[in-house]
Amino acid sequence: MTPLPSSVPPDDMDLRAAEYALGVGDAAQRQAVEAEARRNPALAARIADWEAHFAGMNGDYAEAPLPDLLPQIEARLFPKAPAAPRREPFWRRSFGLGAGVAAILVAGWLAFIPQKPDLVAALAPQPGQAVAFRAAVTGGEMTVALVSGDGPGEGQDFELWIIRGDAAPVSLGVLPADGERLTLPDPTEGAVLAVSLEPKGGSTTGAPTGPILALGPLTRT
Amino acid sequence: MADDPISDLLMSVAREDRMAFRALYSQAGPKLMGVLIRILKDRSEAEDALQELFTRVWLKARAFDPARGSGLSWLIALARNLAIDRLRARQPLMDDDSALEVVPDAAPRAETRLVARGEARRIGECFDTLEPDRAQAVRGAYLDGLSYQDLADRFAVPLNTMRTWLRRSLLRLRECMET
C-alpha cells in the first residue's frame, strides 16, 4: 500500500463526511451537511470517498422481489399530453374569455398588469414539452400565467422554482389555479424560474421530482 | 467501463435513453429493493421510495461519474440517502446542541486521492482493528440505517458516548484503509 501523502482533510470535516455517508445523523445534521456539500467541493469529495469505503459492505444487502412500478414512474417522468384538456388553463378562467379572444390577450397580457413590472420572465418549453409561462414581478409580488399548453392533469400540480446561480432550485410553491399572486421575497435579475410537474400538493423532497416543463431567466423590462 | 453493465446503463440514462432506464430498473431494482426494505422495514413504504428513487435516478444520472466507483454503488448510495432521510424525518431531533454546530473549515488541504485511485484498503479487512461491538455498531448503522439515537438505545449508552465511540471507530477505520 503506497503511503498516504500528508494531505488528509481536517478531522472535523472528514468525520462529518463519514457520519453523513454512514447515515447516523439526525434530520437537521443531514440537511446541514448536504447544504454545505453543495457549496464545498472538498466536503462533497470526502463524502464520495466514505461512500466508496462503506460500499464494501453492500454485499450484505440481500435482493428482494421487484414490483413492476415502471408504469407509475414513467407516467410521472414522461407525462402524455391529455387528448382534451382536463382543466381550463387558469388564465382563461380568470378572464372568462373564449379561445379566440384569449389569444390576443396572450400577446398583450402585460398591459393588464396595473404597474409596469420590475422584472419579467418568459418560461420557454423544455424539449418535448408543450407548456409555456410568463411571469411578471412588481416589488415582492409575482404573477405567473400559463400562456400555452394545458394545466396539470388529475393528481398533478405545477410547482415553481427559482434557481440563483449555481444553487439548488428553491421552491416558490405550487402554482395556484386562479392566478393569485405569489410572493417572491428577493427578485434578482438573471435568476432562472422553472416549472416542474409534480404530484398533487407539490414535491415532498424539497427538490423537483418530476420533469422540468419550462424555464427562463428574469430580465428587466 | 469494462465489465460494469450498470455503469454503462447509467451513462445511457444520462443521455435520456428510456430503454436503458427500463433495463436499469430490472437489473438494479432487486438489489435496490433489498436496500430499501432493510432500512425502511416496510414493503409498502419501500415501494413508494423505489418510485421516488428511480425518479431521482432519471433526473440525476448525469451526476454519475464512472471513474469514482461502480454504477451499483452509486445507486445504493442514492437509495440509502433517500431511505435514511425518510426515517430521520419521522424522528425527533437529537437533544444535543453541539451536533448542530457547523465547524468552520480549517485552511483547505488537498483531498486524498487514494480512494479515488482505488488504492485504499477495503473496509472488510479493517473491521478487525475495532472491538467487536464497535464493528457491529458501524455495520448496523450502515446496513440498517440506524441513527446515533438508535445505536445509543441498542447499546444502552448515553448519546454522547455513542458519538465518541463511533467517531473513534471511524478514525481507526480511516487509518487502516487510507494509510
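Our structure's up above, just so we're on the same page.
Report follows, based on the coordinates.

1. Quick word on the packing of helix H1 (residues 5–14) of chain B against helix H4 (residues 71–90) of chain B
Residues and elements named next belong to chain B.
Item 1. Where H1 meets H4, the axes come as close as 7 Å, and the angle between the chain directions of the two elements is 70°. Taken together, the axis directions place H1 and H4 in an arrangement best described as roughly perpendicular. Of the residues in H4, those touching H1 at Ile6, Ser7 and Leu10 are Gly71, Leu72, Trp74 and Leu75.
Item 2. Its residues assigned to classes, the contact of H1 with H4 comprises five nonpolar, two polar and no charged.

2. Looking at the pairing of strand E2 (residues 132–138) of chain A
Each regular strand shows side chains that alternate between the opposite faces of the sheet.
Residue and element names in this part refer to chain A.
Item 1. Here E2 lies mainly inside the structure; six of its seven residues are buried.
Item 2. Hairpin remark: strand E1 (residues 119–125) followed by E2, antiparallel, with six residues in the connecting loop; positive phi at glycine 128, about 85°.
Item 3. Two strands pair when backbone bridges link them, and E2 and strand E3 (residues 141–148) are joined in this way by seven bridges, in the antiparallel orientation. If you follow arginine 134 over to E3, its bridge partner there is alanine 145.
Item 4. Joining the antiparallel neighbours E2 and E3 is a turn of two residues, in which glycine 139 adopts a positive phi near 60°.

3. Here's the deal with the pattern of salt bridges
Item 1. By the definition in use, this model includes 22 salt bridges over all chains.
Item 2. Taking the shortest distance from any N to any O, the salt bridge between aspartate 144 of chain B and lysine 41 of chain B comes out at 3.8 Å. Residue aspartate 144 of chain B is located in helix H6 (residues 132–144), and its partner lysine 41 of chain B is located in the loop between helix H2 (18–40) and helix H3 (43–60); the two are separated by 103 residues in the primary sequence.
Item 3. Residue class for lysine 41 of chain B comes out exposed when judged on its relative accessible area of 57%.
Item 4. One connected set of salt bridges, linked through shared partners, spans Asp14, Arg46 and Asp49 of chain A together with Arg68, Arg174 and Glu178 of chain B.

4. Brief notes about the nonpolar core
Item 1. Grouped together as the largest cluster of nonpolar side chains are 78 residues, with contacts concentrated most on Leu22 and Phe54 of chain A together with Leu32, Leu50, Leu53 and Leu75 of chain B.
Item 2. At 11 residues, the largest contribution of residues to this core is made by H2 of chain B.
Item 3. Ignoring any residue separated from it by four or fewer positions in sequence, one finds phenylalanine 54 of chain A in contact with Ala18, Ala21 and Leu22 of chain A together with Ile123, Tyr142 and Leu170 of chain B.
Item 4. Among the nonpolar cores identified, the runner-up in size contains 24 residues, and Val131, Phe133, Met142 and Leu175 of chain A belong to it.

5. Observations regarding the packing of H2 of chain B against H3 of chain B
Residue and element names in this part refer to chain B.
Item 1. H3 packs onto H2 with a crossing angle of 140° between their chain directions and a minimal axis gap of 9 Å. The angle between the axes of H2 and H3 places the two elements in the oblique class. Judged by the sense of rotation from one axis to the other, the crossing of H2 with H3 is right-handed. Where H2 approaches H3, its residues Arg18, Phe21, Leu24, Tyr25, Leu32, Met33, Leu36, Ile37 and Leu40 are matched on the opposing element by Arg43, Glu45, Ala46, Glu47, Ala49, Leu50, Leu53, Phe54, Val57 and Trp58.
Item 2. For the contact of H2 with H3, a count of residues per class yields 15 nonpolar, no polar and four charged.

Cut-offs and rules
- Residues numbered from 1 in each chain as written.
- Chains lettered and ligands numbered in written order.
- Predicted model: local features only at pLDDT ≥ 70, side-chain atom pairs only at ≥ 80, totals over all residues.
- Heavy atoms only, no water.
- Axes fitted to C-alpha atoms, helices over the stretch in contact; angles between N-to-C directions.
- Helix = DSSP H or I, 4+ residues; strand = E, 2+ residues; numbered from the N terminus.
- Parallel < 35°, antiparallel > 145°, perpendicular 65-115°, else oblique.
- Contact = heavy atoms within 4.5 Å.
- Nonpolar A, V, L, I, M, F, W, Y, C, P; charged D, E, K, R; others polar.
- Buried < 20%, exposed > 50% of the residue type's maximum accessible area, 1.4 Å probe, protein only.
- Pairing = 2+ DSSP bridges.
- Salt bridge = Lys/Arg side-chain N within 4 Å of Asp/Glu carboxyl O.
- Core = buried A, V, L, I, M, F, W, Y, C linked by side-chain atoms within 4.5 Å.
- Left-handed = near helix turned anticlockwise from the far one by under 90°.

No statement about biological role is implied by the geometric values presented.
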